[in-house]
Amino acid sequence: MGRIAGRFARVEPRLRAGRLVLGLLSDLPRKNCWTIAEWAGEDTPHGMQHLLCRASWDAEAVRDDVREYVVEHLHDEAAVLVVDETGDVKKGAHTVGVQRQYTGTAGRIENSQVAVHLVYAGERGHAAVDRELYIPRSWTCDPDRCQAAGLGSDTVFATKPELARVMIERFLNAGHRVGWVAGDEVYGGNPKLRAALEEGGVSYVLAVACSAEMTTSAGTFRADALVRKVPKSAWQKLSAGRGAKGQRFYDWAVIDLAEPAPGHHQLLIRRNRTTGELAYYRCSSPDPAPLTTLVRVAGSRWRVEETFQSEKGLAGLDEHQVRRYPSWIRWVTLAMLAHAFLAVVRADEHAHRPTPDDLIPLTCNEIQRLFISVVVRPDHGPDHRLNWSAWRRRHQARSRASHYGRQAASQT
């Protein structure tokens, strides 16, 4: 919290932000302004709501601080930037960016809010370093709706790959260097993103659809047609990295491409050793890269899923109950900070305190439990709990009276 102290105009919101971050790291079953305010010992949720809505502090500068914190402590010369989106299912139509759209969180089209995240993934750990909310055309075509949600009336539509490009450029413009970028088909299928990475000298391994067309010295073919030309001797069994159940072994093959753009271009193919299912990756690098490197980068993409799971399960990333964009960006940024803290502590523990053979290394989940139970478990006494019970019931009574009043007015 000391790293971000200078981003607050007054001491009160700075201290409250610290309590909010502790609340995000707490073991509360549900994390929002109400539950965190009660947990932190405040009399009402108004202070937490003010912090997210109106208090004077710079969330973009805090995002930059989070990025510097993560890179400083998790720095790895072989680190990969992984880009991916995550969705939160929402009700109603007033939450910023919400519309019926596909979200991998639900695995189907739902009324949801989708954001693109950039994750720094190295050998020491992984954490998000940037975020951008995806604003659909149904919003950008309605300036009044954007303005009501805290967006500028001049907000323009940007695709998810365009948001990814903005975040990657922001990372590089901050003076950081990274060898590779990884992402799924949404990003691999976008030629503008690939061209921007190639112009910036950034290598990538991006997933593509089986129907993606590849140019070779023998002509242009679909990816699923090229795989049939791979001889059996070209497949190699390699691990894509360690998973929850051990090493993730697949069969891999690579085909050189004849793209007109400068650099070395390849098609990487992954085959499931049990089901035979195939996955395809378009690869580019200034110099030829060995198969083992391409496989390592492709395997790094799973880190973003682990990051989303930890951010949501441990730091309340998706539990916000805010509608306007400024509140969303502030909540998500502080959740990123909370998760980054866990990732950094985990990395430092692994580096400086060897784990006995009869124990697994400390996880972010276990660090969170120890931190809250040993360091900061507030106990505010029964009066505090009773006062909050009365406050909740009073608020609910006002809401019910207002609802009944509107209902009676509509029937007259």
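Note that the coordinates shown come from a computational prediction; the quantities given were computed from them, not determined experimentally.

**Section: the overall build of the protein**
Part 1: Helix and strand content of the protein: 15 helices and twelve strands.
Part 2: For 412 residues, the compact-globule estimate of 2.2 N^0.38 gives 22 Å, and the protein sits close to it at 24 Å.
Part 3: Based on the C-alpha atoms only, the size of the protein along its principal axes is roughly 75 × 60 × 40 Å.
Part 4: Sequence-distant contacts, at least 24 apart, represent 62% of the contacts inside the protein between residues at least 6 apart.
Part 5: Of the roughly 20,500 Å² of accessible surface on the protein, 50% is carried by carbon and sulfur atoms.
Part 6: Taking the 55 positively charged and 48 negatively charged side chains of the protein as two groups, their mean positions are separated by 5 Å.

**Topic: the environment of Met48**
Part 1: When you line up the elements, Met48 lands in helix 3 (residues 46-53).
Part 2: Sequence-distant contacts of Met48, defined by excluding residues within four places in its chain, comprise Arg16, Arg19, Leu20, Cys33, Ile36, Ala37, Ala40 and Glu42.

**Observations regarding the pairing of strand 4 (residues 126-133)**
Part 1: Most of strand 4 is tucked away, with eight of its eight residues classed as buried.
Part 2: Bridge count between strand 3 (residues 108-121) and strand 4: seven bridges; the pairing is antiparallel. Within strand 4, the residue paired with Ala121 across the bridge is His126.
Part 3: From the end of strand 3 to the start of strand 4, which pair antiparallel, there are four residues.

**Describing the pairing of strand 7 (residues 213-216)**
Part 1: Of the two faces of strand 7, the one holding Met214 and Thr216 is buried and the one holding Glu213 and Thr215 is not buried anywhere.
Part 2: Pairing of strand 7 with strand 8 (residues 219-222) involves four bridges; the strand directions are antiparallel. Bridge assignment links Thr215 to a residue of strand 8, and that residue is Thr220.
Part 3: Hairpin connection, strand 7 to strand 8: the antiparallel pair is bridged by two residues.

**Comments concerning the state of the cysteines**
Part 1: What the rule picks out here adds up to zero disulfides.
Part 2: Not engaged in a disulfide, the cysteine Cys141 finds its nearest cysteine sulfur in Cys146; these two sulfurs lie 8.8 Å apart.

**Let's talk about helix 2 (residues 33-40)**
Part 1: In terms of residue burial, helix 2 counts as a mostly covered element, since six of its eight residues are buried.
Part 2: All of the buried residues along helix 2 are Cys33, Ile36, Ala37, Glu38, Trp39 and Ala40.
Part 3: Measuring from the side-chain oxygen of the N-cap residue of helix 2 to the backbone nitrogen of Trp34 gives 3.0 Å; that N-cap residue is Asn32.
Part 4: Just downstream of helix 2 lies Gly41, where phi reads positive at about 95 degrees.

**Digging into the nonpolar core**
Part 1: In terms of nonpolar packing, the biggest core is built from 106 residues, with Tyr120, Phe171, Val205, Trp252, Leu268, Tyr281 and Trp328 touching the most fellow members.
Part 2: Top element by residues in this core is helix 13 (residues 325-352). It accounts for 15 residues.
Part 3: Not counting residues within four places of it along the chain, the set of residues in contact with Trp328 comprises Val96, Gln113, Ala115, Arg131, Glu132, Leu133, His320 and Val322.
Part 4: Counting 14 residues, the second largest nonpolar core, distinct from the first, contains Ala223, Leu257, Ile269 and Tyr280.

Definitions and limits used
- Residues numbered from 1 in each chain as written.
- Predicted model: local features only at pLDDT ≥ 70, side-chain atom pairs only at ≥ 80, totals over all residues.
- Heavy atoms only, no water.
- Helix = DSSP H or I, 4+ residues; strand = E, 2+ residues; numbered from the N terminus.
- Rg over C-alpha atoms; globule rule 2.2 N^0.38 Å.
- Contact = heavy atoms within 4.5 Å.
- Areas by Shrake-Rupley, 256 points an atom, 1.4 Å probe, with all protein chains shown as cover.
- Lys, Arg positive; Asp, Glu negative; His and termini not counted.
- Charge placed at Lys NZ, Arg CZ, Asp CG, Glu CD.
- Buried < 20%, exposed > 50% of the residue type's maximum accessible area, 1.4 Å probe, protein only.
- Pairing = 2+ DSSP bridges.
- Disulfide = S-S within 2.5 Å.
- Polar contact = N/O pair within 3.5 Å; in protein donor to acceptor, adjacent residues only side chain to side chain.
- Core = buried A, V, L, I, M, F, W, Y, C linked by side-chain atoms within 4.5 Å.

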